[in-house]
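# What the coordinates show
The primary structure of each chain is shown beneath.
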Amino acid sequence: MIDLRKLAEPGSIEETLLDRVDLKRLPRHVAVIMDGNGRWAKGRNLPRVEGHRAGIASVREIVETAARLELRVMTLYAFSVENWKRPRYEVATLMMLLKEYLRKELKTLMDNNIRFTAIGRVDGLDPSVQRELKYAENETAKNSGLLFQIALNYGGRAEIVDTVNRIMAVLREREMSDAQIDEQFFSDHLYTANIDDPDLLIRTSGELRVSNFLLWQIAYAEIHVTKVLWPDFRRRDLFEAIIDFQSRERRYGGVDESDAQMFIEADNQQS
Ligand code: FPP
C-alpha cells in the first residue's frame, strides 16, 4: 500500500502533482538519462565534477521516491562506454562518487527494501569499484521492493554485441548450430534478462537523443524530456514525468480499441 504521506508534505507542490498521478497506472520500469551535470556546474562557475557531486542528491531522492511509489524497476545511466573519453580527473571523481554513494546509501537501500544491481561491462571497471558493486548487490539481494539498476560502462550497441556473443556461446555449448533465434530468446540474454522493458524513459537537460541507452529495451517506451538539469531534478519532476506518461496513449504499433471497433464496423458494412 503506497504511503502518500512519505511522498508529499501537506500543501506542497508535490501534493498537488501527486493528486494528478493515477497510482493504479504507474509505469513499472522507469529509465533515466541523467544529463546536465556539467552545465549545472558551469552555471555556478564550479568545476564540472561539482555537478556530478550535486547529482548524487538527485539520485538519492529519485530512487527513494521510486521505491515509495512501489515502482518495480528504476535504471539510471551513470557512465557510458564513451565516457572514458572524459578527462582522467573527471572519470576518477565519478568512480569515487559512485563508491561513496554505495557505502553511504546501503542503509537507505536496505530500509526501503531496494535491490541493487549494476548493468554494463562491469568487468571493465576498476577492481575497487567492482568490489563495492558486488558488496551492495549481495547485501541487497534478498530485498523484494524496487530493483535499482545502475548502468555503468554501458552502451546499448555494446550490450547487443555482448548478447550475440553470449548466444553464440550458449548455442555452441548446446551443440545447436542451426537454431532459430527469436526476440524472446534474444531478450533473455541481454544484461536485463527477466526484467520488463522500460515503460518510461526520462532525459534531463533538454537534449533530444537516446545516447546509446537501452537501445533494444526502449522500443516501445514513452519518452519524457525535461529542460531541468539532473542536479535540479527532484521528486516533483518525477511526478510530472509520470503525469506526462499517463497522458499518452500506448498502442505498441496497433490502434486503440475505439479505433479498432470503428474499423471492424466499417469492414462489416462493406462486406
Ligand atoms: C551527464 O552530465 C552525467 C553523467 C555523465 C554522470 C552521471 C553521474 C552522476 C549523477 C553521479 C554518480 C552516480 C551515481 C549513480 C551514484 P554531463 O556531465 O554530460 O553534463 P553536460 O552535458 O551538462 O556536460
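Before reading further, recall that the structure is shown in the block above.
Every chain is numbered on its own, with residues counted from 1 as its sequence reads. Selection of residues for local features in this predicted model requires a pLDDT of at least 70, selection of side-chain atom pairs for listing and counting requires 80 or more, and totals for whole chains, interfaces and linings are taken over all residues. The basis for the side-chain values is all heavy atoms of the structure; hydrogens and waters are excluded.

A few words now on the packing of helix α3 (residues 48-68) against helix α8 (residues 235-246). A fitted line through C-alpha atoms represents every axis, and for helices the fit uses only the stretch in contact; the resulting angles, taken between N-to-C directions, go from 0 to 180 degrees. A run of H or I in DSSP counts as a helix once it spans at least four residues, and a run of E counts as a strand once it spans at least two, with each numbered from the N terminus. The contact between α3 and α8 brings their axes to 9 Å, and the two run at 50°. On the basis of their axis angle, the class for α3 and α8 is oblique. Considering how the two elements wind past one another, α3 and α8 form a crossing that is right-handed. Contacts between α3 and α8 involve Glu61, Ile62, Thr65 and Arg68 on the former and, on the latter, Arg235, Leu238 and Phe239. Broken down by class, the residue content of the contact of α3 with α8 amounts to 3 nonpolar, 1 polar and 3 charged. Geometric relationships in this document are graded by angle, where less than 35 degrees denotes roughly parallel, more than 145 denotes roughly antiparallel, 65 to 115 denotes roughly perpendicular, and other angles denote oblique. Whether a crossing is left-handed or right-handed is set by the direction in which the near helix is turned from the far one by less than a right angle, anticlockwise for left-handed and clockwise for right-handed. Whether two residues are in contact is decided by their heavy atoms, any of which lying within 4.5 Å being enough. Throughout this entry, Asp, Glu, Lys and Arg are counted as charged residues, while Ala, Val, Leu, Ile, Met, Phe, Trp, Tyr, Cys and Pro are counted as nonpolar. The remaining residues, Gly among them, count as polar.

The next thing to look at is the site of the ligand. Contacts to the ligand come from 16 residues, most closely from Asp35, Gly38, Arg39, Arg48 and Arg86. Polar contacts here mean pairs of N or O atoms no more than 3.5 Å apart (in protein, one a potential hydrogen donor and the other a potential acceptor; neighbouring residues in sequence count only if both atoms are side-chain atoms). Measuring from an oxygen atom of the ligand, one finds a backbone N or O atom of Gly36 at 3.3 Å. One of the side-chain nitrogen or oxygen atoms of Arg48 is found 2.8 Å away from an oxygen atom of the ligand. Notes on the ligand: free accessible area 630 Å², of which the protein chains cover 91%. Points on a 1 Å grid, built from protein atoms alone, make a cavity when a 1.4 Å probe fits but cannot get out and make a pocket when they are open with protein on both sides within 12 Å along at least 5 of 7 lines; residues with an atom within 4 Å of a point are the lining residues. For this analysis, a molecule is said to be in a pocket or cavity if more than half of its atoms are within 2 Å of the grid points defining it. One can see that the ligand is located within the largest pocket. Proximity is defined per residue: if any heavy atom of the residue lies within 4 Å of a molecule or strand, that residue is considered near it. Using a 1.4 Å probe, accessible areas were evaluated by the Shrake-Rupley method; residue-level cover was limited to the displayed protein chains.

Before going further, it helps to spend a moment on the nonpolar core. Counting 51 residues, the largest nonpolar core has Leu69, Leu133, Leu146 and Phe148 as the members making the most contacts within it. A total of 9 residues in this core trace back to one element, the largest contributor, which is helix α4 (residues 88-111). When residues no more than four places from it in sequence are discounted, the contact partners of Leu146 are Val63, Ala66, Ala67, Leu71, Arg72, Val73, Met74, Asn113, Ile114 and Arg115. Here the nonpolar core consists of buried residues drawn from Ala, Val, Leu, Ile, Met, Phe, Trp, Tyr and Cys, with membership extended through side-chain atoms lying within 4.5 Å. Relative accessibility decides the category of a residue: with a 1.4 Å probe and only protein chains considered, values under 20% of the type maximum give buried, values over 50% give exposed, and everything between is partly exposed. Counting residues in each nonpolar core, the second largest holds 12 residues, with Tyr191, Leu201, Leu214 and Ile218 among its members.

This paragraph deals with the layout of surface pockets. Grid points are joined across faces, edges and corners, and a volume is the space filled by probe spheres set on the points. Each pocket or cavity is described by its volume, and for the largest pocket that value is around 700 Å³. Met34, Asn37, Tyr77, Ala78 and Asn83 are the residues nearest the centre of the largest pocket, which is lined by 32 residues in total. Of all the elements in the fold, those that place two or more residues in the lining of the largest pocket are α2 (37-42), α3, β2 (73-80), α4 and β4 (147-154). A per-class count over the lining of the largest pocket returns 16 nonpolar, 9 polar and 7 charged. Put simply, the second largest pocket is a space of about 440 Å³. Classifying every residue of the lining of the second largest pocket gives 9 nonpolar, 5 polar and 7 charged.

By secondary structure assignment, the location of Gly120 is in the loop between β3 (115-119) and α5 (127-140). Through-space distance from the C-alpha of Gly120 to that of Ala158 is 8.4 Å; in sequence the pair is 38 residues apart. Every residue in contact with Gly120, bar those within four places of it in the chain, is listed here: Leu152, Asn153, Tyr154 and Tyr191.

Turning our eyes to something else, we now look at the packing of aromatic side chains. Each Phe, Tyr or Trp ring, with Trp reduced to its six-membered ring, pairs with another whose centre is within 6.5 Å; inter-plane angles below 30 degrees give stacked pairs, above 60 give edge-to-face pairs, and intermediate values give tilted ones. Using the criterion set out here, one finds 9 aromatic pairs in the structure. Both rings, one in Tyr154 and one in Tyr191, keep their centres 5.9 Å apart while their planes meet at 75°; by these two values the pair is edge-to-face. Of this pair, Tyr154 sits in strand β4 while Tyr191 sits in the loop between α7 (183-187) and β5 (200-203), and the two are 37 residues apart along the sequence. Ring geometry for Trp230 versus Phe233: centroids 5.2 Å apart, planes at 20°, classification stacked. Look at Trp230 and you get buried, because its relative accessible area is 1%.

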